[in-house]
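# Tertiary structure, described
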Amino acid sequence: MPPAPGESFATNEEPDLIVWRLVGHVSADDIRHLYDAQVRFCEGRSHAFVLIDVHRLGHFAPEARRIAAQGPHDGKIVLPVRANAVVGASFHLRVLGIMVSRASALLNPAHAVPIQFFDTESEARAWIDDLRRDLR
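First, a word on scope: everything that follows refers to the structure included in this document.

About the thresholds
Residues numbered from 1 in each chain as written. Predicted model: local features only at pLDDT ≥ 70, side-chain atom pairs only at ≥ 80, totals over all residues. Heavy atoms only, no water. Helix = DSSP H or I, 4+ residues; strand = E, 2+ residues; numbered from the N terminus. Buried < 20%, exposed > 50% of the residue type's maximum accessible area, 1.4 Å probe, protein only. Contact = heavy atoms within 4.5 Å. Areas by Shrake-Rupley, 256 points an atom, 1.4 Å probe, with all protein chains shown as cover. Lys, Arg positive; Asp, Glu negative; His and termini not counted. Charge placed at Lys NZ, Arg CZ, Asp CG, Glu CD. Patch = residues over 30% accessible without salt bridge, like charges linked within 9 Å, V, L, I, M, F, W, Y side chains within 5 Å. Salt bridge = Lys/Arg side-chain N within 4 Å of Asp/Glu carboxyl O. Pairing = 2+ DSSP bridges.

### Some remarks on the overall build of the protein
A count of helices and strands for the protein gives four helices and five strands. When the helices and strands of the protein are read in sequence order from the N terminus, they spell out β-β-α-β-α-β-α-β-α. Taking all 136 residues of the protein together, 46% fall into the buried category. Contacts in the protein between residues at least 24 apart in sequence constitute 80% of all its contacts with a sequence separation of at least 6. Total accessible area on the protein is roughly 7,500 Å²; 56% of this is exposed by carbon and sulfur atoms. Charge centroids of the protein, computed over 15 positive and 17 negative side chains, lie 3 Å from each other.

### Here we look at a nonpolar patch on the surface
Nonpolar side chains collect at one region of the surface, where Phe91, Val95 and Met99 lie side by side and expose about 340 Å² of accessible area between them. Here Val95 is to be found in helix α3 (residues 91-107). The exposure class of Val95 is partly exposed, given its relative accessible area of 35%.

### Looking at unusual backbone geometry
Going from Glu14 to Pro15, the amide bond is cis rather than trans, its omega being 10 degrees. In this fold, Pro15 is placed in the loop between β1 (9-13) and β2 (17-26).

### What about the environment of Phe49?
Mapped onto the secondary structure, Phe49 falls in strand β3 (residues 48-60). Sequence separation of Phe49 and Gly6 is 43 residues, and the distance between their C-alpha atoms is 24 Å. Apart from the residues within four sequence positions on either side, Phe49 is in contact with Asp16, Leu17, Ile18, Arg82, Ala83, Ile128, Leu131, Arg132 and Leu135.

### Digging into the pairing of β1
Inspection of the sheet shows β1 paired to β2 by five bridges, in the antiparallel sense. Across the sheet, the residue bridging to Asn12 is Ile18, located in β2. Between the antiparallel neighbours β1 and β2 lie three residues.

### A closer look at the pattern of salt bridges
A pair can form between side chains of opposite charge whenever their charged atoms are brought close. What the rule picks out here adds up to 11 salt bridges. In this structure, the salt-bridge partner of Glu13 is Arg125, at a minimum N-O distance of 2.8 Å. Taken as a pair, Glu13 in strand β1 and Arg125 in helix α4 (residues 121-135) lie far apart in primary sequence, 112 residues in all. Classification of Glu13 as partly exposed rests on a relative accessible area of 27%. Here Arg125 ties to Glu121 by a salt bridge, and the two come within 2.9 Å at their closest N and O atoms. Taken together, the residues Arg125 and Glu121, both in helix α4 and four residues apart, mark about one turn of the helix. Take Arg125: its relative accessible area is 25%, and that puts it in the partly exposed class.

In structure tokens, the structure reads:
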């Protein structure tokens with residue numbers, strides 16, 4: 001079922017990419033749902049990459065930031081995510097993203113993955129393609 005207008009959602013792209021689209025007000029429940037989709041996608045995979053589109057993000061609730069930093073299921077599951085590419089972040093969101101990434105690494109070092117910011121989705125995808133080639 002497609003997401004409702006104004007609702008954040010995740011899509012999967014084979015072989016190893018999950019795309020989060022953050023839309024409007026993002027709550028802790030939204031982040032939990034996105035992580036649930038990511039966990040399902042990552043099952044049985046040796047690695048995955050995450051592209052996070054924040055062009056349409058409105059407000060990122062403090063509890064949502066905490067859940068994002070903590071990871072899925074209170075950090076108990078280690079996902080094979082190799083990198084996060086964030087597209088469309090303002091300066092404020094870039095600072096926030098770096099803080100969430102650092103908090104995640106402190107809370108669960110196994111979740112520490114590179115995060116990079118891009119103006120366009122094509123730039124982010126090119127970076128992910130480069131990382132993907134390095135895995136071979």
